[in-house]
Amino acid sequence: MTFHANTETFAGRPVVAVAQGEPLPDVDGPAAWRFEFWEEDSDDSEGPNPAFNAAFDELLDGVDTAAVHALVLGPWGYAAFADAPIVKLCEVAHRLPNLEALFLGDITGDECEVSWIRQGDLNPLLEAYPKLRVLRVRGSENLKLAPLHHPRLEELAFESGGLPAEVVTAVLDSDLPKLEHLELWLGVRNYGGDVTVRHLEPLLAGGRFPALRRLGLRNAEIADRIAAAVAGAPLVGRLEELDLSMGVLDDEGAEALLAGQPLTHLRRLSLRRNYLSAEFAARVVAELPGVDVDVADQQTEERWGRYTAVSE
């Protein structure tokens, strides 16, 4: 399924695509460079991908790398070379001294199913780029993360059809003093999404990330249980935006959410793409005057059940 169009803006900058083998476009003003790599033939061997590395070097040779503040990586070839972008980015970190925003995996479902997008170990990458403020990662196959300290990271997002609990636990055990935006696409168990409410308790208790103001617990097959947990969570009192969209939230979950602590302090509440009845969707909006509430895109249960927006 197509779960996203390729992004047009990233980190507040227009995305400028770099066509492989063609001259670099002229850019006037700040931009996020978007690089993708397609390879016709592959021996499917593990290890570095020389062709990818050469193509990425060509990009770096054609721009003032000190002026590159945002980078978007689209498809990068065969799954056998899953670590190629991360390994290469670590290798050339000295050439990108001012990189502040990175999107790993701007790949649509037409290009690769989200459950097939393979990543790698993010810790060396975060260590190599101490100025990074925004990191967005799509795909969780082979994704690895250990608790870390990063003094500047403000926005962290994992887009996944099934986010492993060990990744979520590593995030919550990390020291991220400036983190303002955390977005977790939890997904479904069939694709590795084994996060439970218990894993989220340290976050919801409010003892993590003192700067956090925007939280997304999205694309969850346990959306009702998350809504019930959020209803009484101390963290919610200091949030400005709460996003529980793209999952299988129904009237039961929304009622638990409304029965909890007041949510009228929120600037925005997104329950978009849900299984709410029309009557209950209207009730949520009515009970939260002054809040930008999004309850659009109501789904109908299919023969085999309810589905998150993004899984396979």
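Nothing here was measured: the structure is a model prediction, and the numbers come from that model.

(A) Fine view of the overall build of the protein. On a plain count of helices and strands, the protein comes out with eight helices and twelve strands. Relative to the 2.2 N^0.38 estimate, which gives 20 Å for 312 residues, the radius of gyration of the protein is 20 Å and therefore close to what a compact globule would have. Split into buried and exposed, the 312 residues of the protein put 52% on the buried side. Sequence-distant contacts in the protein: of pairs separated by 6 or more residues, those separated by 24 or more amount to 73%. Per element, the accessible surface of the protein, about 13,800 Å² overall, is 49% carbon and sulfur.

(B) Summary view of helix H5 (residues 197-204). Among the residues making up H5, those that are buried are His-199, Leu-200, Leu-203 and Leu-204. Burial along H5 is one-sided: seen end-on, the buried residues are contained in an arc of 135 degrees. Close packing links the buried residues of H5 with helix H4 (165-172), strand E8 (181-187), strand E9 (214-220) and helix H6 (223-231). Looking one or two residues past H5, Gly-206 carries a phi angle of roughly 90 degrees, positive in sign.

(C) Structural context of the environment of Arg-225. Checked against the element boundaries, Arg-225 lands in helix H6. In sequence terms Arg-225 and Ala-256 are 31 residues apart; their C-alpha atoms lie 8.9 Å from each other.

(D) Looking closely at H4. The element H4 is largely enclosed, with a buried count of six among its eight residues. Along H4, the positions that sit buried rather than exposed are Ala-165, Val-167, Val-168, Ala-170, Val-171 and Leu-172. In this structure, the buried side of H4 is in contact with strand E7 (155-159), E8 and H5.

(E) Examining the pattern of salt bridges more closely. For the coordinates displayed, the defined rule picks out 26 salt bridges. Salt-bridge contacts for Asp-106 lead to Arg-34; the nearest nitrogen and oxygen are separated by 2.8 Å. Here the residue Asp-106 occupies a position in the loop between strand E5 (101-104) and helix H3 (123-128), and Arg-34 occupies one in strand E3 (residues 32-37), the gap between them amounting to 72 residues. The burial state of Asp-106 is the same as that of Arg-34; both residues are buried. With a closest N to O distance of 3.2 Å, Arg-133 and Glu-154 form a salt bridge.

(F) Region of interest: the packing of aromatic side chains. This structure, assessed with the given rule, holds five aromatic pairs. Arranged with centres 5.9 Å apart and planes meeting at 70 degrees, the rings of Phe-35 and Phe-52 form a pair that is edge-to-face. With a gap of 17 residues between them, Phe-35 in strand E3 and Phe-52 in helix H1 (residues 50-61) connect regions that are remote in the sequence. Across this residue pair, the class does not change: Phe-35 and Phe-52 are buried. With centroids separated by 5.3 Å and ring planes inclined at 80 degrees, the aromatic side chains of Phe-35 and Phe-56 adopt a geometry described as edge-to-face. Here the residue Phe-35 occupies a position in strand E3, and Phe-56 occupies one in helix H1, the gap between them amounting to 21 residues. On the accessibility criterion, Phe-56 (1% relative accessible area) is buried. Through successive ring pairs, a cluster of aromatic residues spans Phe-35, Phe-37, Phe-52 and Phe-56.

Cut-off values and rules
- Residues numbered from 1 in each chain as written.
- Predicted model: local features only at pLDDT ≥ 70, side-chain atom pairs only at ≥ 80, totals over all residues.
- Heavy atoms only, no water.
- Helix = DSSP H or I, 4+ residues; strand = E, 2+ residues; numbered from the N terminus.
- Rg over C-alpha atoms; globule rule 2.2 N^0.38 Å.
- Buried < 20%, exposed > 50% of the residue type's maximum accessible area, 1.4 Å probe, protein only.
- Contact = heavy atoms within 4.5 Å.
- Areas by Shrake-Rupley, 256 points an atom, 1.4 Å probe, with all protein chains shown as cover.
- Arc of directions from axis to C-beta.
- Salt bridge = Lys/Arg side-chain N within 4 Å of Asp/Glu carboxyl O.
- Phe/Tyr/Trp six-rings, centres within 6.5 Å; stacked < 30°, edge-to-face > 60°.

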